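# Per-entry structural report
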Amino acid sequence: MSKFTVNGKAQSFDGDPETPLLWYLRDIAGMTGTKFGCGRALCGACTVHVDGTAVRSCQVQVGDIDGQAVITIEGLSADGMHPVQRAWRELNVAQCGYCQTGQIMQAVSLLKDTPKPTDQQILDAMSGNICRCGTYPRIRDAIKRASGRA
Amino acid sequence: MTNTTEVANVARRSVLLGLAAGTFVLSVRLSPPAVAQEKKYGGDAMPGGLKDDPRLFLSIADDGTVSLLCIRAEMGQGIRTSFGMVVADELEAELGRVKVLQAPGDQARFGNQDTDGSRSMRHHFEPLRRIAAAARQMLEQEAAARWGVPLTEVKAENHGIVHAGSGRRLDFGALAKGAAARPVPARDTLVFKGVSQFRYIGKDNVPLIDNLDITTGKAVFGIDARVDGMAYAVVARPPVFGGKVKSFDAAKAMKVPGVLKVVAIEPPTPPVVFQPLGGVAVIAENTFAAIKGRSQLDTQWDDGPNASYDSVQYRKTLEAAAAKPGKVVRNDGDVDAALAGAAKRVSAEYYLPHLAQAPMEPPSATARVTNGACEVWCSVQNSEAVRTDLSKRFNVPIDKVTVHNLLLGGGFGRKSKPDFASEAAICSHAMGGRPVKLTFTREDDLQHSFFHTVSVERLEAGLDGDGKAVAWLHRTAAPTIAAIFAPGANHEAPFELAMGAVDTPFAIPNLRVENPEAAAHTRVGWFRSVSNIPHAFAIQSFVAELAASLGRDPKDYLLELIGPPRLIDAAAMSDAWLYGEDPKRYPFDTGRLRQVVEKAASEAGWGRKLSQGRGLGIAAHRSFVSYTAVVAEVAVGPKGELTIPRVDIAFDCGAVVNPDRVRSQLEGAVVQGISLATLGEISFKNGRVEQANFDGYELTRIDGAPPEIRTHLVNTTAFDKPLGGAGEPGVPPVAPALANAIFAASGKRIRSLPIRDQLAGKA
Ligand code: FES
Ligand code: FES
């Protein structure tokens, strides 16, 4: 039995402890804002925060997060008004939007650690997140815009 | 399901022009049936045609909320927002009070829904305006009747109808019920807004309608469908195209916790078209259990006729084919004589490998197949293809197949093939009607795509003593998409040849295009921009090679080849397709091609002094009846490190409805073009794809994207001319512009993609 919280709500899971957090969130908890892109830590679509750190939820086994706090895109802000979410909308960053929840979770984590990132720091922090639609220039600009406010 | 319930709720709440079931019986035929022998073009020629009855697409609730049923798939092109803009504008509604809902699949009712070929705005701009103008006029008539004033004294304004004389105003919501009872105005009585009156059309930076949902994780993509009681499945497919299951043992898989069932899926009967590949499905209580179960399957495969497909060998086959004459598909003048008499002959050969579309949302669908009905929740470009397949497969009438269209996490051509929806339905059927969500893992996606073709393009030119091109010979050898419909097809189809091979606009009197045979050994399908990619890469690289051989400026030489501004008829280029459009409305306008070349060049500062190791390259191409030119700036470091500091892209798709989304499509096209040019390759060995995930099939990441992508839109207000496509035309010129820039920077000519480490060791 693994007990943890997701966006502040207590969860317990006694299924296969090897179940990745990604599939727990999507299939079992029914929270589909966290996306599947590769299952191998290669794309960042599944990024969530565990105890405040951005992680690839496809690589985290539910059996290993006992006692930990998970924040997903659904819990990032009550009303979608986190500065990063706002910047994303102001610049119409998304195309299909599929990668963007992972991008946003990664960007939030970057700005928490590095409130005023340089261009190079943005590239370094964001290069694990693929966007097949090619929204990268706007992602970079949105991070800069949010960094002025976060 | 958010989407479905929403449509149902709107149907209940709304009073005007109804979305409610049964309204179709009211629908009127607005256009007379076409005369049989009259050839149709554009949207009218698509299966299902175009519909413009407002009652099919619009409803207005008592509170004035306008609901628009969007019949095109949203896959990142922003079509939901753009359609909303057109309708809000022509209706005089406030965009903020317009809800855009995704129509379920129903081509007989809604007209064509196949979201493909950069056609949505090109085909639907005018019908959408007719829909909105008709509804506006019904509201105006209702207001005039209520107030007892002449129709000429009322007008629509800011989501209401106003009477100038008395200052009276009624909101759309208050008029909706009465307006709904009025007849739909005939097409020839519709009055449209003037371009100068547009509030939304052509305006920049309109916020995306789905922005809040996307940034908060509430947006529902196909893979996010949740249906009560559903199970989850993955399929082990034959690793070789054309192979099948010899035998399998499910015992170990069934022991994995959560696995419910293991079932065989029959191999497709030829022609394969869009059918699933067959294999073994593992159905479980969640996706992870299904994946884990699949890893425990013990399956023996019969690899079939493509067991020895090997890309390295096949490249040699294509090169040999391109070395010899092939089927002549365009023939102007006398190329052989002109080549023989040329002062100088230049030739070169270009290679592009297979590619996978790799949308970030892998193919996924949820289906429920019960008692003579099928219901599917999915993200597909063509829901009618799902309905047709399931109707046949389960022998149910097509109106018993319901397809709920959810957002696509990217499509790029992959999701115009509904094999994954069929697999989901097969699994649900095997589960006795329990809903099943089928998901492709990334490995499944990359290994069982409908791959972009592989191609060898051979070009030869004859130049006279002044360097003027007098002869042009292009051989294009590539397996055709047609082979999935007609096994053994080994020539490019007319639509593939008309993607930049035969429709070369150069002012060269002797010009021949040949298409040698090339057999398909895998599933070849549509990839954003399709055959334009190899054709443009070869032609636009070759133009720069010719310029270099003459010591001429590549931009000037490109313009010289394009020749003076003129209109070229498709037939004059042996172009039998022209993207399905009317040749009279869409002649090849070399003036527009010249204009984007000049625009890109001037914006990029063509000719400016660059430091050592830097270079500019240019390329231009018409595709999807739009014109694009790209200038890439690259830096090649001492060890061959390639960086791309800046790309300028000039684009003319005619009038622009949503400039921000056209720009975003171009930005994305530049990144995708760079991705395929620098990294993209799917290779085969023993019939099997060698790449499995994003480590083997690499995509451009943020650190490989140009820090500056500058988009330049031209002729954006030409609303009197037919529209061009916007989703795909950005891609084709990117790779050759990059290759040409690399040549300018380093002297190294790239003729084979991807570039990957070809520059290593170059100074
Ligand atoms: S799905 Fe986890 S990194 Fe791609
Ligand atoms: S917006 Fe489509 S994958 Fe990033």
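Here the structure is a predicted model, which means the values were calculated and not measured.

## Re the overall build of chain A
Of the regular secondary structure elements, chain A holds five helices and five strands. For chain A, the sequential pattern of α-helices and β-strands runs β-β-α-β-β-β-α-α-α-α. The C-alpha radius of gyration computed for chain A amounts to 15 Å, which stays within 12% of the reference 15 Å derived for 150 residues, consistent with globular compactness. Here the C-alpha coordinates of chain A stretch approximately 45 × 25 × 25 Å along the principal axes. The buried share of chain A, reckoned over its 150 residues, is 62%. Intrachain contacts of chain A at a sequence separation of at least 6 include 59% that bridge at least 24 residues. Counting every atom, chain A has about 5300 Å² of accessible surface; 47% of that belongs to carbon and sulfur. Treating the 16 positive side-chain charges of chain A as one cloud and the 14 negative ones as another, the clouds have centres 11 Å apart.

## Details of the overall build of chain B
Helix and strand counts for chain B stand at 20 helices and 28 strands. Its C-alpha atoms give chain B a radius of gyration of 27 Å, within 12% of the compact-globule value 27 Å for 763 residues. The buried share of chain B, taken over its 763 residues, is 64%. Considering only contacts in chain B between residues 6 or more positions apart, those separated by 24 or more positions represent 78%. Between the averaged position of the 87 positive side-chain charges in chain B and that of its 84 negative side-chain charges there is a distance of 2 Å.

## Digging into the sheet that holds strand β18 (residues 455-463) of chain B
All names here are of chain B. In spatial order, the strands read β12-β20-β19-β18-β13; together these five strands make up an open sheet with mixed pairing. Pairing within the sheet leaves two strands with one partner each, and these edge strands are β12 (327-332) and β13 (344-352). Averaged over all pairs of adjacent strands, the angle between their axes in this sheet comes to 10°, without regard to strand direction. In this structure, strand β19 (residues 469-477) lies alongside strand β20 (residues 510-515), joined through five bridges in parallel fashion. Bridge pairing links Arg-475 to Glu-514 in β20. Here helix α16 (residues 532-550) sits on the sheet in contact with β13, β18 and β19, set at roughly 145° to β13.

## Here's the deal with the domain arrangement of chain A
Residues and elements named next belong to chain A. As assigned here, chain A comprises domain 1 (2-75) and domain 2 (83-147). A C-alpha centroid distance of 21 Å is found between domain 1 and domain 2. Across the boundary between the two partners, domain 1 contributes 16 residues, which contact 13 residues of domain 2. In total, domain 1 and domain 2 occlude about 1200 Å² of area from one another, counting both sides; carbon and sulfur atoms represent 54% of this. The tally of links between domain 1 and domain 2 comes to zero salt bridges. Here domain 1 is connected to domain 2 by eight residue pairs in polar contact (both at pLDDT 80 or more). Those elements giving two or more residues to the side of domain 1 that touches domain 2 turn out to be β3 (47-50) and β4 (53-56). Among the elements that line the side of domain 1 that touches domain 2, the one with the most residues is β3, at three residues.

## Focus: the pattern of salt bridges
Pairs can form between side chains of opposite charge once their charged atoms are near each other. Residue and element names in this part refer to chain B. In total, this model carries 66 salt bridges over all chains according to the counting rule given. A salt bridge links Asp-204 to Arg-663, with the shortest nitrogen-to-oxygen separation between them at 3.7 Å. Separated by 459 residues along the polypeptide, Asp-204 in the loop between α6 (172-180) and α7 (211-216) and Arg-663 in helix α19 (residues 659-678) bring together distant segments of the chain. When its relative accessible area of 24% is taken as the criterion, Arg-663 is described as partly exposed. The network of salt bridges with common partners includes Lys-599, Glu-603, Arg-646, Asp-648 and Arg-710.

## Quick word on empty space enclosed by the protein
Residues and elements named next belong to chain B. Applying the stated criterion to the full structure yields nine cavities of 30 Å³ or more. In this model, the largest cavity occupies a volume close to 580 Å³. Forming the boundary of the largest cavity are 37 residues, of which Gln-77, Ser-118, Gln-665, Ala-726 and Gly-727 lie nearest the centre. Counting only elements with at least two residues in the lining of the largest cavity, the list comes to α3 (79-91), α5 (120-147) and α19. Approximately 110 Å³ is the volume found for the second largest cavity. Around the second largest cavity sit 15 residues that line it, and Pro-505, Gln-540, Ala-620, His-621 and Arg-622 are the ones nearest its centre. Looking at the lining of the second largest cavity, the elements that each hand over two or more residues are α16, α17 (554-562) and β23 (614-623).

## Notes on the environment of A:Ala125
All names here are of chain A. In this fold, Ala-125 is placed in helix α4 (residues 119-126). Separated by 73 residues in the primary sequence, Ala-125 and Gly-52 place their C-alpha atoms 15 Å from one another. Each residue touching Ala-125, except ones within four places of it in the same chain, is listed here: Gln-106 and Leu-110.

## Concerning the domain arrangement of chain B
All names here are of chain B. Segmentation of chain B into domains returns domain 1 (2-206), domain 2 (222-304 + 363-439) and domain 3 (311-355 + 450-746). Taken over C-alpha atoms, the centre of domain 1 sits 36 Å from the centre of domain 2. One salt bridge in this structure joins Asp-106 and Arg-387, with 3.7 Å as the shortest N-O distance. Viewed at the interface, domain 2 and domain 1 are joined by seven residue pairs in polar contact (both at pLDDT 80 or more).

Conventions we followed
Sequence order sets the numbering: in each chain, residues are counted from 1 along the sequence as written. Chain A is the first chain written and ligand 1 is the first ligand written, with later ones labelled in order. In keeping with the model being predicted, local features are shown solely for residues with a pLDDT of at least 70 and side-chain atom pairs are shown and tallied solely at 80 or more, while totals for entire chains, interfaces and linings include all residues. To get the side-chain values, all heavy atoms of the structure are used, and hydrogens and water are removed first. Each helix is a run of H or I in the DSSP string that is no shorter than four residues. Each strand is a run of E no shorter than two, and both are numbered from the N terminus. Between the two quantities, the radius of gyration covers C-alpha atoms and the globule rule is 2.2 Å times the number of residues to the power 0.38. Think of it in three bands: with a 1.4 Å probe and only protein chains considered, a residue is buried below 20% of the maximum accessible area for its type, exposed above 50%, and partly exposed in between. Whether two residues are in contact is decided by their heavy atoms, any of which lying within 4.5 Å being enough. Computed by Shrake-Rupley with a 1.4 Å probe, the accessible areas treat only the displayed protein chains as cover when residues are assessed. Lys and Arg are tallied as positive, Asp and Glu as negative. Neither His nor the chain termini are counted. Charged groups are reduced to one reference atom each: NZ for lysine, CZ for arginine, CG for aspartic acid, CD for glutamic acid. In this analysis, strands are considered paired if DSSP registers two or more bridges between them. Note on definitions: angles span 0 to 180 degrees between N-to-C directions of axes, and those axes are lines fitted to C-alpha atoms, for helices only across the stretch in contact. Annotation comment: domain bounds sourced from an automatic or database domain assignment. Here the buried area means the combined drop in accessible surface, using a 1.4 Å probe, for two parts upon being joined, counting both sides. Salt bridges are counted wherever a side-chain nitrogen of Lys or Arg sits within 4 Å of a carboxyl oxygen of Asp or Glu. Contacts described as polar in this section are N or O atom pairs within 3.5 Å, which, within protein, must combine one atom able to donate a hydrogen with one able to accept it, while residues neighboring in sequence count only if both atoms come from side chains. Points on a 1 Å grid, built from protein atoms alone, make a cavity when a 1.4 Å probe fits but cannot get out and make a pocket when they are open with protein on both sides within 12 Å along at least 5 of 7 lines; residues with an atom within 4 Å of a point are the lining residues. Grid points are joined across faces, edges and corners, and a volume is the space filled by probe spheres set on the points.

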